[in-house]
Structures are given as structure tokens and as C-alpha cells.
Amino acid sequence: MDYAFTRTGFDRCVEQREDSDALASLATAADSLWLPLRGDGCAAVGEDGQLCWHAGGHLGSSAQLPHRNDAGPIGDDWIFLGRLDGRPVFASLASTAPGDDSLRWLDLRGAATSLEAGQAGLLAYASALRVWHARHRFCGGCGGRNQIQSGGHRLYCPTCASASFPRTDPAIIVLVRDGERCLLGRQPGWPQGRYSTLAGFVEPGETLEAAVAREVHEESGVAVGDCNYLGSQPWPFPASLMVGFEACALRADIALGEELEDAQWFDPEQLASGILAGRLRPPPRLSISRWLIERWHRQMTGRDLPFRPES
């Protein structure tokens, strides 16, 4: 599988998150690594175009880090991510990096296409936690100010003693087949010619398979039967997990719902010639949708799907 954010190559060190004193020591250790994240989620990159890390030694003994599990409310946010090549890794959720006002900043979509896969996956992890911190500064039950626990992976309200944890919103994404054709659709506002596989969020109390059938029917009017799981992709925009499926159509008649501007069946030749002629634009390389389409075309033809250089 070749799509963004699926590889990280580091140890999340879940068992170390509860020892705040040890984390504070790790944070200021000379061999610790700190990743600056801006308020909009962009990460600092160096002249080589790779993530810009800072050594923990720059924090000094005055670093504002918690030393107990009941540490103060969220302010100068930080997150313990784990260990990379044995070195403790933290994310700093500040607007600038210490001692450097001239850094370049890279957003997640840019990271997906320009960073090494492990670095892009690590940034996706940190970015998703950043969004969760920003949206849960206050308790959803009583409105009290939340406090950081578990290295930034748990928030605790001292007023009502409730705890909250990072959440991930599951969404299905599916390539629907009908014989030698696949179903692709486009949303209003997409670039001209852009078509992609169908997708949608899983609703409460719904299985993934039921979500596939419901979303496909709601968006295109097509009824599907059995579906097969093929893979998943973290999608930190801001905190989703795309769960990829392939499904077979029971009824292939298209009746558009409210979400799609168009939906069409494509055979392999139509898809390949449309892309080469510039009439069709596939989903971006970073997405599992692109992988699902390429996989289907390769199964049908035994060949890779051709792309124009800009796609």
C-alpha cells in the first residue's frame, strides 16, 4: 500500500505516558527531539526540506512542563509522542520555534507529498493531537478548564473529575464495481475533471459494512451487496480514519443524491484515456482513494494506470 500517513517507524511508548516526572526529565534531556508545530498545524522544515527538530537541551531547567499527573491547565501545550531511534520525541504546540524566527512551515498535504513516509506519518499523529488539544481546552460536561495528563494523551477536569481522550472519526471509502466498470463521483467545487471513489462518515450504532451500503446509495442511488476490506489510512483533516473497501453493485442505475455533482461508471480504457487526455483528474497521490483506483485498474488490465506528470 502506497499512500500517505500510514508509516511512522517509531515507538509510541504508551507505558511511559503516566510518569510525569520522568517525562519532564526526558523533555529537557540533551538527546530529546522537539518538533515545533504552528497554531495552524504547519510543521517547521529545514533547508533540506525535512522536518526541523530541536534538541531538548534548549529548554533548560525553567521549561514549563508538568511534573505531576494533576499538572496545570493547558497553556504552553506539549505532547509526548514516543521514541524515534531510541530518542524521546515531543511536539511543541507553539507558534514559533525557540530561537529561530526564520523557519519555513509545511502543512500536512505538503508533508504527504514531500516528506519521507515515516516523517509524514509522525506529523499526522502530532497534528491530530494538536487539533484535539485546541478543541478540548474546556470540559464538555461542566465547562471547567481541562488539565494535561498522560503526556498530552488525556485531558482531566478537576471540577467534575471527568477525563477525555483523543478521538478518531471513522469514515468509509469504497470502490464500487459492476462487472468491468468502477463507479466514481465528483463533488461540487472540486477541480475540473476530478473524480474519486465514494466516501462518508460512519454513523453512531452503524457497522462499517452498513455505512458502505448507506453512503453509496445516498450519494449515487447504486445498491451494493458484499464488500471487502482492503486497507485504512489516517486522515488527519482533522481527525479521521479512512477505512477502504471494495464492493459489488446489485443495481447499477445512478440516481444522484445531494452531495455529488456527478457520478459515472468507467471501464479501464475510458479511465486511462480520459486521464491521458486531461479530461479526467484522479484523486491526489496522497490518498487511499488513488490507491483503490490504481489497484482496480491493475487487476482489470495487468498494467499500471497511466498518469499525466501533473497528476
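Caption draft 1: Inspection of the side chain of S127 at higher detail. Relative to the assigned elements, S127 resides in helix α3 (residues 117–135). Taking relative accessible area as the criterion, S127 reaches 3% and is therefore assigned buried. Sequence-distant contacts of S127, defined by excluding residues within four places in its chain, comprise L37, G41 and L108.

Caption draft 2: Expanded view of the sheet that holds strand β1 (residues 33–36). Pairing within the open sheet is mixed, and its four strands lie in the order β3-β1-β5-β4. At either end of the open sheet lies a strand with only one pairing partner, and these are β3 (54–55) and β4 (78–84). Packing of helix α1 (residues 20–28) onto the sheet brings it into contact with β1, β4 and β5 (87–92), and relative to β5 it is tilted by some 90°. α3 rests against β1, β4 and β5 of the sheet, and its axis sits at about 160° to β4.

Caption draft 3: Layout of the layout of surface pockets. Here the largest pocket defines a volume of roughly 720 Å³. In terms of lining, the largest pocket is formed by 35 residues, of which the most central are I173, W190, S196, W235 and M242. Contributing elements (two or more residues each) for the lining of the largest pocket: α2 (108–114), β10 (169–178), β11 (181–186), β12 (198–201), α4 (208–220), β13 (223–235), β14 (240–251) and α6 (288–301). Residue contributions to the lining of the largest pocket peak at four residues, all from β12. Lining the second largest pocket are 21 residues, with R12, A124, Y125, A128 and T168 sitting closest to its centre. If you list the elements that add at least two residues to the lining of the second largest pocket, you get α3, β13 and β14. For the lining of the second largest pocket, the element with the highest residue contribution is α3, accounting for six residues. Within the lining of the second largest pocket, the residues separate by chemical class into twelve nonpolar, six polar and three charged.

Caption draft 4: Summary view of the pairing of β14. Bridge count between β10 and β14: nine bridges; the pairing is parallel. Bridged to V176 within β14 is A247. Relative to β14, β13 is paired through ten bridges, and the arrangement is antiparallel. Bridged to P234 within β14 is L241. Where β13 hands over to β14, the hairpin turn is made up of four residues, counted between the paired strands.

Caption draft 5: Representation of the pattern of salt bridges within the structure. Taken as a whole and judged by the stated rule, the model has 14 salt bridges. For the salt bridge of R177 with E246, the shortest nitrogen-to-oxygen distance reads 3.2 Å. Highlighted residues: R177 in strand β10 and E246 in strand β14, separated in sequence by 69 residues. By relative accessible area, which is 13% here, R177 ends up buried. Residues R298 and E294 are paired through a salt bridge, measuring 3.8 Å at the closest nitrogen-oxygen approach. Of the two residues, R298 and E294 are both situated in helix α6; the distance of four residues between them amounts to about one turn of the helix. Classification of R298 by relative accessible area gives partly exposed; the value is 36%. Three or more residues joined by partner-sharing salt bridges are found here, namely E203, E206, R214, E215 and E218.

Caption draft 6: Fine view of the packing of aromatic side chains. Taken as a whole and assessed by the stated rule, the structure comprises nine aromatic pairs. Aromatic side chains F10 and Y125 sit 5.5 Å apart centroid to centroid with 20° between the ring planes, which places their arrangement in the stacked category. Of the two residues, F10 is situated in the segment before α1 and Y125 in helix α3; the sequence distance between them amounts to 115 residues. Consider the rings of F80 and F90, whose centres lie 5.2 Å apart with planes at 50°: the pair is tilted. Residue F80 is located in strand β4, and its partner F90 is located in strand β5; the two are separated by ten residues in the primary sequence. The exposure class of F80 is buried, given its relative accessible area of 0%. Among the aromatic residues, those joined into a cluster by ring pairs are W34, W78, F80 and F90.

Scoring rules and cut-offs
Residues numbered from 1 in each chain as written. Predicted model: local features only at pLDDT ≥ 70, side-chain atom pairs only at ≥ 80, totals over all residues. Heavy atoms only, no water. Helix = DSSP H or I, 4+ residues; strand = E, 2+ residues; numbered from the N terminus. Buried < 20%, exposed > 50% of the residue type's maximum accessible area, 1.4 Å probe, protein only. Contact = heavy atoms within 4.5 Å. Pairing = 2+ DSSP bridges. Axes fitted to C-alpha atoms, helices over the stretch in contact; angles between N-to-C directions. 1 Å grid on protein atoms, 1.4 Å probe; cavity = no way out; pocket = protein on both sides within 12 Å on 5 of 7 lines; lining within 4 Å. Points joined across faces, edges and corners; volume = space filled by probe spheres on them. Nonpolar A, V, L, I, M, F, W, Y, C, P; charged D, E, K, R; others polar. Salt bridge = Lys/Arg side-chain N within 4 Å of Asp/Glu carboxyl O. Phe/Tyr/Trp six-rings, centres within 6.5 Å; stacked < 30°, edge-to-face > 60°.

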